[in-house]
Number of protein chains: 4
Amino acid sequence: MSPKKDLTEERKNQILDAAMKTFTEDGFHKTRMSDIAETSGLSKGSLYWYFDSKDSLIIHLLERIFEPEIKDIQTLLTDPRSIDERLETYVERISEDMVKMLKWMPLFYDFVALAFRQESVKNTISKYYQRHMDILTSLIKQGLDRGELHADSELEAAIAIGSMLEGTVILWFYDPDKIDIKRHVKTNLKLLLQGLKTPLNYQTLDQDN
Amino acid sequence: MSPKKDLTEERKNQILDAAMKTFTEDGFHKTRMSDIAETSGLSKGSLYWYFDSKDSLIIHLLERIFEPEIKDIQTLLTDPRSIDERLETYVERISEDMVKMLKWMPLFYDFVALAFRQESVKNTISKYYQRHMDILTSLIKQGLDRGELHADSELEAAIAIGSMLEGTVILWFYDPDKIDIKRHVKTNLKLLLQGLKTPLNYQTLDQDN
Amino acid sequence: MSPKKDLTEERKNQILDAAMKTFTEDGFHKTRMSDIAETSGLSKGSLYWYFDSKDSLIIHLLERIFEPEIKDIQTLLTDPRSIDERLETYVERISEDMVKMLKWMPLFYDFVALAFRQESVKNTISKYYQRHMDILTSLIKQGLDRGELHADSELEAAIAIGSMLEGTVILWFYDPDKIDIKRHVKTNLKLLLQGLKTPLNYQTLDQDN
Amino acid sequence: MSPKKDLTEERKNQILDAAMKTFTEDGFHKTRMSDIAETSGLSKGSLYWYFDSKDSLIIHLLERIFEPEIKDIQTLLTDPRSIDERLETYVERISEDMVKMLKWMPLFYDFVALAFRQESVKNTISKYYQRHMDILTSLIKQGLDRGELHADSELEAAIAIGSMLEGTVILWFYDPDKIDIKRHVKTNLKLLLQGLKTPLNYQTLDQDN
DNA sequence: CATGAATGAGCCTTCATTCAT
DNA sequence: GATGAATGAAGGCTCATTCAT
């Protein structure tokens with residue numbers, strides 16, 4: 001009677017959930033399609049009904065990982081507060097997302113490793129990176145335009161903050177016990193802002209001494 | 001000492017060279033032991049005479065990758081120059097090493113991905129990271145002790161610089177055309193030093209405004 | 001009679017048309033039921049409503065291939081012309097049919113190959129072969145009875161002509177550019193008739209010389 | 001001590017023997033590589049050490065099937081006997097070979113069916129066909145040149161004999177009980193020779209009547 | 001009647017590792 | 001020490017068939 005509900009999205013999610021879990025636990029290469037089938041509660045054949053191949057799961061998972069991160073952050077561009085307040089909010093939100101995603105790190109690094117040989121993976125990752133950098137760059141440009149920040153270019157400043165964010169996660173990976181991502185990101189930003197709020201000529205003077 | 005020993009070292013190097021090349025080009029998982037055998041000019045059987053397994057090559061390669069990085073840097077600890085000059089030299093040398101190692105990045109990220117699942121790989125990577133952080137931390141401690149730098153702790157400052165270094169490489173990976181590692185590392189350090197040279201109470205005051 | 005029956009026939013034909021096309025183009029083994037479904041414009045489920053299995057399509061297709069060949073030829077048995085005129089007409093018609101069926105050759109040979117393993121396929125093919133040979137044999141028997149032809153038995157002569165017909169198609173398969181089926185069948189028949197019109201004792205005499 | 005005998009040929013033969021047997025019994029498509037492995041007494045991996053793929057076995061088997069056929073027949077070209085004696089010897093030898101190969105017929109027809117989709121299979125079959133036809137054509141040309149035979153062209157006559165040979169095997173396939181290949185080939189040749197020994201103008205005259 | 005999502009047995013091929021020579 | 005033939009477990013993917021709707 002019921003008009004046969006479309007289970008496509010549900011099934012795809014079942015599969016992606018299972019893939020995310022098994023890839024994270026066992027690694028992309030060690031995970032077998034039959035593992036994903038079993039974990040998802042579907043048959044091996046069904047996996048291939050909804051997805052083309054094991055590889056194609058990568059792109060879909062990457063989109064899942066990154067998508068939620070982008071939301072909300074854009075609103076900071078029209079936020080009336082000062083630039084450093086907004087940048088603090090920015091890195092706070094990013095680091096919160098990062099912390100939430102920490103458990104998917106093994107998965108993510110499998111994909112980074114794959115990105116070196118698979119253009120499509122590389123492109124997907126780069127696309128999301130670019131979106132973040134665009135927002136960050138716009139934000140900083142506002143600071144420069146208003147004279148709240150000083151830098152040779154908005155890109156250079158964005159790279160400084162971006163590097164710091166990404167790098168903090170790497171350090172966490174090297175030594176999870178010593179690194180508190182949220183706290184260090186906050187501290188690191190403070191140091192960078194100190195530099196970014198210093199007028200350029202003063203910076204140069206200071207260096208020359 | 002004995003000529004036999006030398007031949008053994010030579011053979012091991014032949015194999016590791018070949019492994020490094022093929023792993024980098026084709027990825028760890030896609031590379032077959034027969035590829036390494038062929039590239040090294042040895043037989044498959046010989047590979048197993050000198051190394052236990054494909055996995056065991058990983059640790060040996062990691063040591064090869066990191067080993068050259070460490071040397072010379074220690075001397076900075078007794079260098080008579082000011083802290084910020086020495087930190088500049090430090091990040092300059094590190095970024096030079098990084099640039100040299102850029103071609104091994106695919107290999108390295110394969111290993112990072114593996115590190116999540118293989119304790120021994122994780123430990124090897126962490127060990128080298130730790131050595132760097134130790135030097136960096138000592139360096140900064142000198143700066144704090146002499147009043148040249150200001151931070152809540154030497155570790156916190158070291159984390160800031162360390163994150164920035166690692167993160168710059170990540171950004172290069174995301175967008176190799178836009179990121180010039182040596183240049184951005186230098187710029188980023190300048191910003192951080194600005195913060196690190198600002199007395200703590202001034203920092204706080206500044207923030208409150 | 002009932003309209004339902006007609007729809008059923010229509011559907012079956014849709015399916016058999018599609019199967020014939022796809023089997024011929026891609027081969028029986030490479031063709032998937034979903035290909036046939038798609039080509040026929042029906043669903044996979046419907047295929048199984050009208051046919052039991054992929055294999056069951058074979059027999060139905062064989063009947064389709066052979067059916068048209070039989071008609072009209074029987075009339076030659078009561079044709080008032082001389083035997084060699086009628087045999088000429090016979091091989092002409094057969095070779096015309098063969099030429100028309102050339103495009104189904106790949107399909108047919110798939111089935112011949114299957115016939116070695118599937119009794120039902122073998123029987124279907126043999127049944128149609130037998131019908132042809134029966135007509136040919138009857139025709140020749142008339143020639144022998146009337147003294148127009150000479151052979152140890154009508155079967156032996158029929159085999160000579162039958163082999164020639166089948167064999168010409170094989171040669172066409174081996175070298176399609178050089179073999180013109182209709183022309184060579186005609187020439188070949190002429191040579192055979194020369195032999196069949198020669199009295200037996202003359203044949204023998206001739207040989208002994 | 002012994003200089004490690006080269007078992008390559010032996011292994012290849014083991015595999016080809018097993019493939020020939022299983023392909024013939026079960027058909028190319030139904031035969032699994034593991035069946036061949038088991039039958040050959042080797043492991044599945046070894047099959048791939050000696051042969052690239054399941055498909056590559058086809059070509060090697062075809063060469064096995066045809067190769068022995070070619071030998072010896074060439075000597076007929078310089079045989080001093082009359083053409084019809086030599087043609088009789090020719091078809092006798094061919095039909096003997098055919099009879100010996102009858103048990104491989106299922107295998108051969110699998111390959112013929114495959115030839116429609118695989119150029120390499122088609123080429124291999126055609127190559128061997130061509131060799132036979134070349135010999136047959138040369139033989140007949142001698143007959144024409146010496147005036148022992150009469151035909152519009154040596155090719156036309158060769159096609160007549162070739163078709164007859166191939167066709168007789170087909171008829172045997174349709175009805176193995178009734179067809180005695182060696183006997184019918186001999187009879188059929190006799191009929192054709194009758195035609196080939198008749199001068200062309202006589203043939204035409206005869207037809208016109 | 002019709003659909004197409006779901007199933008799962010099955011297959012070709014790969015490749016790390018071993019070991020007789 | 002060195003070789004390379006041999007192994008066999010394992011895995012991604014296919015596809016004929018079924019059946020709930």
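Cut-offs used in this document
Residues numbered from 1 in each chain as written. Chains lettered and ligands numbered in written order. Predicted model: local features only at pLDDT ≥ 70, side-chain atom pairs only at ≥ 80, totals over all residues. Heavy atoms only, no water. Core = buried A, V, L, I, M, F, W, Y, C linked by side-chain atoms within 4.5 Å. Buried < 20%, exposed > 50% of the residue type's maximum accessible area, 1.4 Å probe, protein only. Contact = heavy atoms within 4.5 Å. Domains from an automatic or database assignment. Buried area = accessible area lost by both parts, 1.4 Å probe. Near = heavy atom within 4 Å. Polar contact = N/O pair within 3.5 Å; in protein donor to acceptor, adjacent residues only side chain to side chain. Nonpolar A, V, L, I, M, F, W, Y, C, P; charged D, E, K, R; others polar. Axes fitted to C-alpha atoms, helices over the stretch in contact; angles between N-to-C directions. Helix = DSSP H or I, 4+ residues; strand = E, 2+ residues; numbered from the N terminus. Parallel < 35°, antiparallel > 145°, perpendicular 65-115°, else oblique. Least-squares fit on C-alpha atoms with pLDDT ≥ 70 in both. Expected span 1.5 Å × (residues − 1). Phe/Tyr/Trp six-rings, centres within 6.5 Å; stacked < 30°, edge-to-face > 60°.

(A) Quick look at the nonpolar core. Counting 145 residues, the largest nonpolar core has Ile161 of chain A together with Ile161 of chain B as its most contacted members. Not counting chain neighbours up to four residues away, the residues in contact with Ile161 of chain B comprise Leu87, Val91, Leu136, Ile140, Leu189, Leu192 and Leu196 of chain B. Among the nonpolar cores identified, the runner-up in size contains 144 residues, and Ile36 and Ile125 of chain C together with Met20 and Met98 of chain D belong to it.

(B) The domain arrangement of chain A, seen in detail. Residues and elements named next belong to chain A. Per the domain assignment, the segments of chain A are domain 1 (8–51) and domain 2 (58–208). Taking only C-alpha atoms, the centre of domain 1 and the centre of domain 2 are 31 Å apart. Taken together, the contact pairs 12 residues of domain 1 with 12 residues of domain 2. Summed over both partners, the interface of domain 1 with domain 2 comes to about 1100 Å²; 73% of that surface belongs to carbon and sulfur atoms. A per-residue breakdown of the area domain 1 buries against domain 2 is headed by Met20, Thr24 and Phe28, which together make up 54% of the total.

(C) Molecular detail of the protein's contact with DNA strand E. Taken together, 31 residues lie near DNA strand E, and Arg11, Trp49 and Tyr50 of chain A, Arg32 of chain B together with Arg32 of chain D sit nearest. The protein-proximal atoms of DNA strand E, defined as those within 4 Å of the protein, are 68% sugar or phosphate. The contact in question runs from a phosphate oxygen of DNA strand E to an N or O atom on the side chain of Arg32 of chain B, over 3.1 Å. A distance of 2.6 Å separates a phosphate oxygen of DNA strand E from a polar atom in the backbone of Met33 of chain B. Its residues assigned to classes, the surface near DNA strand E comprises 9 nonpolar, 11 polar and 11 charged.

(D) Up close: the packing of helix 8 (residues 154–174) of chain C against helix 8 (residues 154–174) of chain D. The contact between helix 8 of chain C and helix 8 of chain D brings their axes to 6 Å, and the two run at 105°. When the interaxial angle is binned, helix 8 of chain C and helix 8 of chain D end up roughly perpendicular. Across the interface between the two elements, Ile159, Gly162, Ser163, Met164, Glu166, Gly167, Thr168, Ile170, Leu171 and Tyr174 of chain C from helix 8 of chain C touch Ile159, Gly162, Ser163, Met164, Glu166, Gly167, Thr168, Ile170, Leu171 and Tyr174 of chain D from helix 8 of chain D. Residue classes in the contact of helix 8 of chain C with helix 8 of chain D are distributed as 10 nonpolar, 8 polar and 2 charged.

(E) Quick look at the relation of the copies chain A and chain B. Expressed as a screw operation, the relation of chain A to chain B combines 0.0 Å of axial shift with a rotation of 180°, fitting to an RMSD of 0.3 Å. The two molecules are tied by a two-fold rotation axis, judged by turn and shift. Distance from the rotation axis, computed per C-alpha, reaches its smallest value in chain A at Gly167 of chain A: 1.8 Å. An overlap of 100% is found between the interface residues of chain A and their copies at the interface of chain B, pointing to a shared contact surface.

(F) Layout of helix 1 (residues 8–26) of chain D. Residues and elements named next belong to chain D. The end-to-end C-alpha distance of helix 1 is 26 Å, a good match for the 27 Å that 19 residues give at a rise of 1.5 Å each. Ile15, Leu16, Ala18, Ala19, Met20, Thr22, Phe23 and Thr24 are the residues of helix 1 that are buried. Just past helix 1, the residue Gly27 takes up positive phi, approximately 90°.

(G) Local environment of the protein's contact with DNA strand F. The environment of DNA strand F is formed by 31 residues, the closest being Arg32 and Lys44 of chain A together with Arg11, Trp49 and Tyr50 of chain D. Taking the atoms of DNA strand F that fall within 4 Å of the protein, sugar and phosphate contribute 70% of them. Note that a phosphate oxygen of DNA strand F is positioned 3.1 Å from one of the backbone N or O atoms of Lys54 of chain A. A distance of 2.8 Å is found between a phosphate oxygen of DNA strand F and a side-chain nitrogen or oxygen belonging to Tyr48 of chain C. Among the elements of the structure, helix 3 (44–50) of chain A, helix 1 (3–26) and helix 3 (44–50) of chain B, helix 3 (44–50) of chain C together with helix 3 (44–50) of chain D are those that each provide at least two residues to the surface near DNA strand F. Of the residues in the surface near DNA strand F, the class split is 9 nonpolar, 11 polar and 11 charged.

(H) Just the packing of aromatic side chains, in detail. Inspection of the entire model under this criterion finds 40 aromatic pairs over all chains. Aromatic pair Phe28 of chain A and Phe111 of chain A: ring centres 6.4 Å apart, planes at 75°, arrangement edge-to-face. Pair noted here: Phe28 of chain A is in the loop between helix 1 (8–26) and helix 2 (33–40) and Phe111 of chain A is in helix 6 (residues 105–115), with a separation of 83 residues, a long-range link. Residue Phe28 of chain A is classed as buried on the basis of its relative accessible area, which comes to 4%. Overall, Phe111 of chain A belongs to the buried group, its relative accessible area being 0%. Taking 5.7 Å as the distance between ring centres and 45° as the angle between the ring planes, the aromatic pair formed by Phe173 of chain B and Tyr174 of chain B counts as tilted. For Tyr174 of chain B, a relative accessible area of 7% translates into the label buried.

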